[in-house]
Amino acid sequence: MIDVRIEGMKDKLKNVKRVIVVCSSKGGVGKSTISYIISSILSEDMVVGVCDFDFTGPSLHILFRTNMSFTESDGINPPEIYKNLFFLSVTFFSNDRPLAIRGSSISDVILELLAITNWNGVETLVIDTPPTITDTMLEILKYFHGAEFFVVSSNSILSYSTVLKLISIIVERTGRLPILVMNDLSGVGFDNKSNNTFYQELLNYSKRTLFFPYLNNIEEYYGKIEDIRKIESIRKFKRELDFYEKI
Amino acid sequence: MHEFSLARATKDTIVNKYNGLHKFIIYIGQIQQIDIELFKQAMLDEIREFNIEVYFEEIPAKMKCNACQHEFIYDKTSLNSEEQENIHFLPEMIYIYIRCPNCKSNDFSIVEGRGIFIKPL
Ligand SMILES: Nc1ncnc2c1ncn2[C@@H]1O[C@H](COP(=O)(O)OP(=O)(O)OP(=O)(O)O)[C@@H](O)[C@H]1O
Ligand SMILES: [Mg+2]
Ligand SMILES: [Zn+2]
């Protein structure tokens with residue numbers, strides 16, 4: 001017996017060229033913020049889809065300050081919440097009410113969403129994920145072998161040691177090194193930790209490290225995609241991102 | 001309606017996974033609230049040029065409460081049309097809109113009647 005949604009998902013994703021999975025085994029390190037900003041800056045140059053796969057703790061609708069929902073035609077069409085930026089979230093169906101689901105249902109949610117969603121011209125898909133290395137991450141690792149995993153760490157020793165474990169699992173499952181995104185969550189930079197062995201190990205263990213800047217008053221930038229794109233430190237991050245892509 | 005998408009996915013499964021086989025049964029979980037007639041029609045259109053026979057069986061939805069072990073069926077009468085529509089698109093929304101009739105918990109599992117599966121005959 002075969003679940004027909006697997007072929008459905010492949011068909012719907014066949015024109016998506018690039019999948020970026022923003023993930024971390026550590027919570028609160030900035031995955032959603034980074035998903036928000038990466039999709040905002042990438043959509044300057046290409047058609048981007050952004051999905052909130054944190055089903056029980058969705059945040060992207062708040063970051064984008066959107067209450068737009070899908071339209072329907074032979075499946076669902078994610079709304080274009082900004083020029084060349086399409087958005088998918090369970091909040092379309094939950095009306096943002098609390099959802100508690102067991103891990104065994106996560107697989108169904110992912111398959112269902114991806115089997116019915118039309119990505120209409122989307123070339124790059126950015127996926128925000130919940131913390132930990134449980135069902136959502138395992139399902140993504142199963143279905144998105146070719147994805148680029150952007151593993152986010154904050155500048156804390158606890159984060160380094162936890163994130164190393166996720167990196168090791170990604171390497172084992174995909175056979176490739178992920179991209180490390182060091183998020184300067186506290187604004188103190190990374191120099192003070194440069195002698196830490198976990199930190200050293202982390203840098204050695206990733207294909208490339210991107211440094212994500214500390215953002216003062218970040219909440220004032222929610223839903224202000226044009227303003228985000230103008231922040232100098234974000235422009236610098238974008239150049240790093242473009243550079244990484246070319247190598 | 002996403003019946004057309006599901007019909008295409010079913011045809012793709014037959015072509016890509018069961019190449020060479022001709023007779024199938026398609027199990028349709030009830031929670032999905034698929035319009036069976038529409039799905040059948042869409043399915044017949046999809047396989048028109050193939051030498052394939054398909055049968056359909058709807059599987060009633062059965063839930064079991066993880067808190068009190070009570071078994072119950074999907075009763076949509078208490079739901080408004082928007083809630084039903086949300087469950088139609090994403091059946092796991094049932095955990096938001098439905099409670100165990102015995103103990104009112106929303107910690108239950110769908111035992112049967114979820115998804116669309118295909119099996120060769
Ligand atoms: N670069 C940054 N500069 C300033 N504040 C940041 C930065 N990155 C994240 N934050 C803040 O840190 C907090 C956590 O961020 P966020 O919700 O994006 O993390 P997360 O990894 O998605 O969390 P969760 O694990 O709960 O999904 C938020 O208050 C956010 O505004
Ligand atoms: Mg998050
Ligand atoms: Zn109960």
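Further up the page is the structure itself.
Report on the accompanying structure. Please read these numbers as outputs of a predicted model, since none were measured by experiment. (Residues numbered from 1 in each chain as written. Chains lettered and ligands numbered in written order. Predicted model: local features only at pLDDT ≥ 70, side-chain atom pairs only at ≥ 80, totals over all residues. Heavy atoms only, no water.)

### Some points on the overall build of chain B
The criterion, for reference: Comment: elements are numbered from the N terminus, with helices defined as DSSP H or I runs of at least four residues and strands as E runs of at least two. The buried label applies to any residue whose accessible area, calculated with a 1.4 Å probe on protein chains only, is under 20% of its type's maximum; exposed applies above 50%, and partly exposed to all values in between.
Along chain B, the regular secondary structure elements total four helices and six strands. Secondary structure of chain B in N-to-C order comes out as α-β-α-β-β-β-α-α-β-β. If you line up chain B on its principal axes, its C-alpha atoms span 50 × 25 × 20 Å. For chain B, buried positions account for 48% of its 121 residues.

### Thoughts on the overall build of chain A
To keep it simple, the criterion reads: Two things to know: the radius of gyration comes from C-alpha atoms, and the globule rule equals 2.2 Å times the number of residues to the power 0.38. Two residues qualify as a contact provided that any one of their heavy atoms is within 4.5 Å of a heavy atom in the partner residue.
Looking only at helices and strands, chain A features 10 helices and 11 strands. A compact globule built from 247 residues should have a C-alpha radius of gyration of about 18 Å, and chain A, at 17 Å, falls within 12% of that. Projected onto its principal axes, the C-alpha coordinates of chain A cover approximately 55 × 45 × 40 Å. Burial status across chain A gives 59% buried among its 247 residues. Sequence-distant contacts, at least 24 apart, represent 79% of the contacts inside chain A between residues at least 6 apart.

### Considering the coordination of the zinc ion (ligand 3)
Residues and elements named next belong to chain B. So the rule is basically this: Here a donor is an N, O or S atom found within 2.8 Å of the metal, or within 3.2 Å if the metal is Na, K or Ca; sites may look incomplete because water is not among the atoms. Geometry assignment treats four donors as tetrahedral when all angles are between 85 and 135 degrees, treats four as square planar and six as octahedral when opposite donors are over 155 degrees apart and all others between 65 and 115, and treats everything else as irregular.
Distances from the zinc ion (ligand 3) to its protein donors, namely C65 (SG), C68 (SG), C100 (SG) and C103 (SG), fall within the range 2.2 to 2.4 Å. Taken together, the four donor atoms surrounding the zinc ion (ligand 3) define angles of 106 to 114 degrees at the centre, an arrangement classified as tetrahedral. Mapping the donors of the zinc ion (ligand 3) onto the primary sequence gives the spacing C-x2-C-x31-C-x2-C. According to the relative accessible area criterion, C68 is partly exposed, its value standing at 27%.

### Comments concerning the packing of helix 1 (residues 5–12) of chain A against helix 1 (residues 3–17) of chain B
What counts here: Orientation is described by axes fitted as lines to C-alpha atoms, over the contacting stretch for helices, and by angles from 0 to 180 degrees between their N-to-C directions. Reported orientations rely on four angle classes, namely roughly parallel under 35 degrees, roughly antiparallel over 145, roughly perpendicular from 65 to 115, and oblique for the rest. Side-chain classes are defined by residue name, with Ala, Val, Leu, Ile, Met, Phe, Trp, Tyr, Cys and Pro counting as nonpolar, Asp, Glu, Lys and Arg as charged, and the others, Gly among them, as polar.
Put simply, helix 1 of chain A and helix 1 of chain B touch, their axes get as near as 7 Å, and they point 105 degrees apart. The angle between helix 1 of chain A and helix 1 of chain B places the two elements in the roughly perpendicular class. Contacts between helix 1 of chain A and helix 1 of chain B pair E7, G8, K10, D11 and K12 of chain A from the former with S5, R8, A9, D12, T13, N16 and K17 of chain B from the latter. For the contact of helix 1 of chain A with helix 1 of chain B, a count of residues per class yields one nonpolar, four polar and seven charged.

### Digging into unusual backbone geometry
Positive phi, close to 25 degrees, is recorded for N120 of chain A, a residue that is not glycine. Locating N120 of chain A in the fold gives a position in the loop between helix 5 (103–116) and strand 8 (124–128). Phi at Q69 of chain B is positive, roughly 70 degrees, even though this residue is not glycine. Looking at the secondary structure, you find Q69 of chain B in the loop between strand 3 (62–65) and strand 4 (71–73).

### Some remarks on the interface of chain A and chain B
Here is the rule: For this document, the term salt bridge refers to a Lys or Arg side-chain nitrogen within 4 Å of an Asp or Glu carboxyl oxygen. Each polar contact in these results corresponds to two N or O atoms within 3.5 Å; when the atoms are within protein, one needs to be able to donate a hydrogen and the other to accept it, and residues that are neighboring in sequence are counted only if both atoms are side-chain atoms.
The interface is formed by 33 residues belonging to chain A together with 35 residues belonging to chain B. The tally of links from chain A across to chain B stands at six salt bridges. Among the ionic pairs, R114 of chain B bridges to E112 of chain A, the shortest N-O distance being 3.0 Å. Joining chain A to chain B, the criterion identifies 13 residue pairs in polar contact (both at pLDDT 80 or more). Contributions of two or more residues to the side of chain A that touches chain B are made by strand 1 (2–3), helix 1, helix 4 (91–94) and helix 5 of chain A. Counting residues per element, the side of chain A that touches chain B draws most heavily on helix 5 of chain A, at seven residues. Taken together, the residues of the side of chain A that touches chain B break down into 16 nonpolar, five polar and 12 charged.

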